[in-house]
Every structure is written in C-alpha cells, then in structure tokens.
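# Descriptive structure summary
Listed here are the chains, written in short residue letters.
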2 protein chains.
Amino acid sequence: MTGMTAARTPSTSPADRPHVGLRERKKIKTREAIRAATYALVEEQGYDATTIDQIAERAEVSPSTVFRYFPTKEDIVLTDEYDPLILEEIRARPADEPWSETMRYVLHRALEFGMDDDLAVSRLRTHLMVQVPAVRSRMMESMSATGRMLCEAIGERTGRDPDSLEVRVYAMSLIGALMETSMYWAENDHRDDFAALVDRTLDVMEHGLPHENR
Amino acid sequence: MTGMTAARTPSTSPADRPHVGLRERKKIKTREAIRAATYALVEEQGYDATTIDQIAERAEVSPSTVFRYFPTKEDIVLTDEYDPLILEEIRARPADEPWSETMRYVLHRALEFGMDDDLAVSRLRTHLMVQVPAVRSRMMESMSATGRMLCEAIGERTGRDPDSLEVRVYAMSLIGALMETSMYWAENDHRDDFAALVDRTLDVMEHGLPHENR
DNA sequence: ATGATTTTGAGAGCTACTCTCATTTCATGG
DNA sequence: CCATGAAATGAGAGTAGCTCTCAAAATCAT
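Cut-offs used in this document
- Residues numbered from 1 in each chain as written.
- Chains lettered and ligands numbered in written order.
- Predicted model: local features only at pLDDT ≥ 70, side-chain atom pairs only at ≥ 80, totals over all residues.
- Heavy atoms only, no water.
- Least-squares fit on C-alpha atoms with pLDDT ≥ 70 in both.
- Contact = heavy atoms within 4.5 Å.
- UniProt positions renumbered as here; feature names shortened; annotations may be inferred.
- Helix = DSSP H or I, 4+ residues; strand = E, 2+ residues; numbered from the N terminus.
- Core = buried A, V, L, I, M, F, W, Y, C linked by side-chain atoms within 4.5 Å.
- Buried < 20%, exposed > 50% of the residue type's maximum accessible area, 1.4 Å probe, protein only.
- Axes fitted to C-alpha atoms, helices over the stretch in contact; angles between N-to-C directions.
- Left-handed = near helix turned anticlockwise from the far one by under 90°.
- Nonpolar A, V, L, I, M, F, W, Y, C, P; charged D, E, K, R; others polar.

### Structural notes on the relation of the copies chain B and chain A
The operation relating the pair of chain copies consists of a rotation about an axis and a translation along that axis. Between the two copies, chain B and chain A, the superposition gives an RMSD of 0.1 Å; the rotation angle is 180° and the shift along the axis is 0.0 Å. The transformation relating the two chain copies, once decomposed into turn and shift, fits a two-fold axis. In terms of proximity to the rotation axis, the leading residue of chain B is B:S173, whose C-alpha is 2.1 Å off the axis. Most of the interface of chain B is mirrored in chain A, where 100% of its interface residues are also at the interface.

And the structure:
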C-alpha cells in the first residue's frame, strides 16, 4: 500500500528562486553521488570493508570532498532530515487532540514519508543498524536529537517546561522504544508491517505491558 | 598437592584459593593502573587530548597492552560490570512483588553500589557522557546490553516471551529514560540527588507525564 | 573579461586500532 | 632447582578514519 503520493514537492521550477544557481545544483548532485556510491559499495562488500577512498573513487570526487559533505562515514548512510517535518506536522494538529493520538498520527505520517521515499534504503539502514555498532551508535545520537525536538514540541503543546526532567524522560523513553522497534523489525528481516509494530509500541507506552502473553 | 581449602570464609586470604597466582594479580593491577592513568589524564587535559600513548606511558605499560586490556579508548572509562549483580538482585525479590516496586528497589540498590563505590568516578563518567559523543555512544551500547538482560529478567518474572516486541520495547524505553536521567543529572552539575531523580523518572514511566506543570 | 568567492584536489599528519613476532615472565613437573 | 611449556608483554609495521592547509579550478558578480 504505497498510496499518498499526493503532496509532491512544491514545483522545482528554476524560475522559482533566482538563486538556485549551478553551484547549488552541483552540490546536491555531489552529495547524492557520494550516497549512491556508498549504498552500492556497502551492498557489494559490506560496511566495514568499504573505505572512504573507494567511495570517493566511485563517486568521482576526492576523499577530502567526501569528508566535506559528511562529517563521518556513518553519516553517509544515515541522513535523516525528518525532524523539522515532524515538528511541523505536530504543530499542525488541533490543540485539543490528546497527545497520544497526535503522536500516533505524526509517526504514521513520518513513516509514509520515510518509507515511501525509498523502502530499500530504509531496509539497508535498519539492517546496518543491527549489524554495525558504529552505525547503531550514530543512529542513537541522531535520535536523541529528535528527542530534544520532541521536548520542545511537548513544551509548546502542553505548556510544560521542555527542559524538565519529566518531559525529557518521557521523550527519551519514546525514542528508546522506537529505536528498539526498528531493531526488532530489522532483526526479523523486515517481515512485519512496520506501521503495525509502531502501533504496538505506542500501546505499550500508553498502557504498559499487556497482562496476557501473546 | 592440593591446597587444603579451609572453612568457607569469603576472606581474601591468599591461601584461600590455590589458583589466584601472581599472574592473575598482576593482570588486575595492570588493568587498574591503566584506568587510574586514564582518569588522571582525562581530568588534567580532557578526554580527546588524552592519547593512548600517554595513558600507556603513565601506566607504565606498552600501548599494545592497553588495547589488550580494553577494546576501545571509551571502554577504559566505562567498565560497568553491574549487569549480573542487578540480575541477581531482581531474582532475589519475592515473586509476587509488583514489577514496578521491584524495579524501584533494584535500581536504588544499584545506585548504592555504583555511587558509594566511587562517587567521583560516577561524576566523571556522566560528565564525559554529556561532553564526549563517543563516550555517550559507547554508554548507550552498554546500556542496551543491560536492556537485553532486563528482557530476560522480565521474561522469567512474568512468563512473557523475552523476545517479544512488547517486552523489548518496554525494557528499552526504561533504558532510554534512565540514560536521560543521567544526562540531566550531569548537565545540572550533579546538584540533584540522583536517587530522587530516578524516583521521578520511574513515576513518569508508571503514570505518564504529570498533568500539572511543576 | 576581470576580480572576488566558493569549491575542490592533493597531500601531509594525527590517532585509534589491528596484527605479527620475538622476548620476557610466570607456572609446573621432574 | 632447573627445564619445559604457556601466557603476557613489547616493539614495530600497517590500516583507516578524520583534520588541516594550501594551491588550483570552477562559479558568480560586475
């Protein structure tokens, strides 16, 4: 079910902005060339066996350039710029909607974006997350950034202090839960429907462990 | 030939066990020399500025030996061997005790052990956790190992499948929460009473965010 | 086209970490 | 007490991720 391709990116016409020059376009191309090269090489030889030099060679740039675009090797496979989107999505929800419903809705939206975009990449990413400790670590780092964003959102929404222990703990427990959900999904070879797993996760977060074993 | 093992006194007398030879003792000494050297150097110059060579020199071993004792630099400052202790502690609780109370009790016990042991080291560790991404990452890794242990414990205790999504999600959300609690403590310069923070954390995990802001 | 600015490539350099091999240190049986 | 085997150590070479610098090349503004 890969519907919902309605809201495309709003007009990439060149006349849209006067300053989308050749430079910007080349940068984007380079960035994607590096990522594409990395994905290909990692699938061919595995993550550890893939060196920066190889990536640079296949992407037809110098090794220096690779580091100019990505601070670490892990970042090449992990770019998630969803945070601002999620935040927007949260802000767009009616203010009187219960928080748990907002969360559920927003997460499903995020999944549509992230997975529809390229399911293969999502799978590779979660797979690497399970296999390669360095990637997993980097992923946790980036998710804890998402956690801080969540704190802000909760603060705006409920008037609570976003820096209070309670809000921070709540946000990070959610992040930890979702992290584990991704691992579970990948460990079971992506057989489950990820959205369904997320729903079960949110159930646990709302109501605790179910009393019956399944 | 056999060293006559006398009565069961858990004393550390040398004749107690025949096989705690000079070799074992030296290994322990080396291990602690490396750690002590690292702590000292890190407090003098900071984590990143401290190299393995410096550590080796101050501990009076070769750099090779440092890596023989610790797989990574982060591990030198992060050895937490508490997991088995915690597991034992959980198993020792009465089977009909509510899980949340068990958790609360066990965590407080773990704090007594970990903090009383050497408060200064606990502070340095959590401080590094906030400051140095690599240390934080490594810490998260080791805490996720604790999470898997928790899954086992929950399985034993409640008869649930320890590999089920629900149990794993619950365990990891707890781990994430406690991680954030540590960060909060360190970020506020260890001014709060850590045990009290843990209690507030467990409250959030049990009852969700409080409705009133504090 | 000219000059200013940005991006890139080349390469040196640092450090964490691995691997190998010879040397030293401890354990043990006669 | 010494000879033999096993384990720990040190020395050194090698790899790869990552940083920094500087000059060449590409793009932009006028």
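Moving on from the coordinates now.
### Comments concerning the UniProt feature "DNA-binding region" (unreviewed entry) in chain A
Cross-referencing UniProt, the feature "DNA-binding region" (unreviewed entry) maps to residues 51-70 of chain A in the present numbering. This span, residues 51-70 of chain A, is 75% helix and 0% strand, and a straight line between its end C-alpha atoms measures 14 Å.

### Describing the nonpolar core
One finds A:L128, A:L150, B:L128 and B:L150 to be the most contacted residues of the largest nonpolar core, which totals 96 residues. Discounting residues that sit within four places of it in the chain, A:L128 has contacts with A:V42, A:Y47, A:V77 and A:V135. A:L41, A:I55, A:A56 and A:Y69 belong to the second-largest nonpolar core, a separate cluster that totals 11 residues.

### What about the packing of helix α9 (residues 165-187) of chain B against helix α10 (residues 194-207) of chain B?
In a packed pair of helices, the relevant descriptors are the angle between the two axes and the axis-to-axis distance. Residues and elements named next belong to chain B. Put simply, α9 and α10 touch, their axes get as near as 10 Å, and they point 145° apart. Regarding α9 and α10, the two cross each other, and that crossing is right-handed. Where α9 abuts α10, its residues S173, L174, A177, L178, T181, S182, Y184 and W185 lie against F194, L197, V198, T201, L202 and M205. Partitioning the contact of α9 with α10 into residue classes produces 10 nonpolar, 4 polar and no charged.

### Regarding the UniProt feature "domain: HTH tetR-type" (unreviewed entry) in chain A
In the numbering used here, UniProt assigns the feature "domain: HTH tetR-type" (unreviewed entry) to residues 28-88 of chain A. End C-alpha atoms of residues 28-88 of chain A are separated by 24 Å, and the span's content is 74% helix alongside 0% strand.

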